[in-house]
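Close look at the chain arrangement
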Amino acid sequence: MEKKRILIIEDESTLQRALSEFLSLEGFEVVNALDGEKGIEMAMKEKPDLILLDIILPKKDGYEVVDELRSGEGTKNIPIILLTNLETTENVKRAFEKGITTYLVKSDYKLEDIIKKIKETLKM
């Protein structure tokens, strides 16, 4: 069975490393980007099966990333899980209006929960 590829767009390097290691141990292929511009570039190049995306990022924020990915022919259908510390109703509503798949608040979830949500989203 082919490994599912996950793109993590997260500027907090400690969290990015932890997620990468955990996902790799779970059998996923992981690619990383530390800012929004690189994330868009990686998504277009790598065509991941799913994207874990932070909102507050250097160069382009998560909302701009979603806008660009949703308007791209090769990236418009990639599931996007927003993983952020912003939990206001306004942020959640805006994210879903832009077309994200799932919204997770970092402080509410353990790595195991995030993996479970990824597997649910990918119907594994």
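This report concerns the structure included in the present document. Note that the structure is a prediction, hence the values are computed from the model and not measured.

Examining the overall build of the chain
The helix and strand inventory of the chain stands at 5 helices and 5 strands. When its helices and strands are written in sequence order, the chain yields β-α-β-α-β-α-β-α-β-α. Taken against the 2.2 N^0.38 rule, which gives 14 Å for 124 residues, the C-alpha radius of gyration of the chain at 13 Å falls within 12% of a compact globule. Reported as C-alpha extents along the three principal axes, the dimensions of the chain are approximately 35 × 35 × 25 Å. Residues counted as buried form 45% of the 124 residues belonging to the chain.

As for helix α2 (residues 36-46)
In an α-helix there are 3.6 residues to a turn, and that puts residues three or four apart on one side. By the burial criterion, the buried members of α2 are G36, G39, I40, M42, A43 and E46. Take α2 and look down its axis: the buried residues cluster within an arc of 165°, on one side only. As for α2, its buried residues are in contact with β1 (5-9), β2 (29-33), β3 (50-53) and α3 (62-71). Backbone nitrogen of E37 and a side-chain oxygen of the N-cap are separated by 3.0 Å at the start of α2; the cap is D35. At the exit of α2 stands K47, carrying a positive phi of roughly 45°.

A few points about the environment of L50
Mapping L50 onto the fold places it in strand β3. Separated by 68 residues in the primary sequence, L50 and I118 place their C-alpha atoms 7.8 Å from one another.

Re helix α1 (residues 13-25)
Here α1 spans 18 Å end to end across 13 residues, near enough to the 18 Å set by a 1.5 Å rise per residue. Buried-residue contacts for α1 involve β1, β2, β3, β4 (80-84) and α5 (111-121). Among the residues trailing α1, G27 stands out with phi positive, at a value near 95°.

Overview of the packing of aromatic side chains
For the coordinates displayed, the defined rule picks out 0 aromatic pairs. Stacked on the ring of Y63, the Lys or Arg R94 has its end atom at 3.7 Å from the ring centre.

Describing the sheet that holds β4
Taken in spatial order, the 5 strands line up as β2-β1-β3-β4-β5 in an open sheet, and their pairing is parallel. Each edge of the open sheet is held by one strand with a lone partner, namely β2 and β5 (102-105). The sheet shows a mean angle of 20° between the axes of neighbouring strands, taken without regard to direction. Across 4 bridges, the pairing between β1 and β3 is parallel. Residue pairing for β3: I6 is matched across the bridge by L50. Here α1 sits on the sheet in contact with β1, β2, β3 and β4, set at roughly 165° to β2.

Calculation notes
Residues numbered from 1 in each chain as written. Predicted model: local features only at pLDDT ≥ 70, side-chain atom pairs only at ≥ 80, totals over all residues. Heavy atoms only, no water. Helix = DSSP H or I, 4+ residues; strand = E, 2+ residues; numbered from the N terminus. Rg over C-alpha atoms; globule rule 2.2 N^0.38 Å. Buried < 20%, exposed > 50% of the residue type's maximum accessible area, 1.4 Å probe, protein only. Arc of directions from axis to C-beta. Contact = heavy atoms within 4.5 Å. Polar contact = N/O pair within 3.5 Å; in protein donor to acceptor, adjacent residues only side chain to side chain. Expected span 1.5 Å × (residues − 1). Phe/Tyr/Trp six-rings, centres within 6.5 Å; stacked < 30°, edge-to-face > 60°. Lys NZ or Arg CZ within 6 Å of the ring centre and 35° of its normal. Pairing = 2+ DSSP bridges. Axes fitted to C-alpha atoms, helices over the stretch in contact; angles between N-to-C directions.

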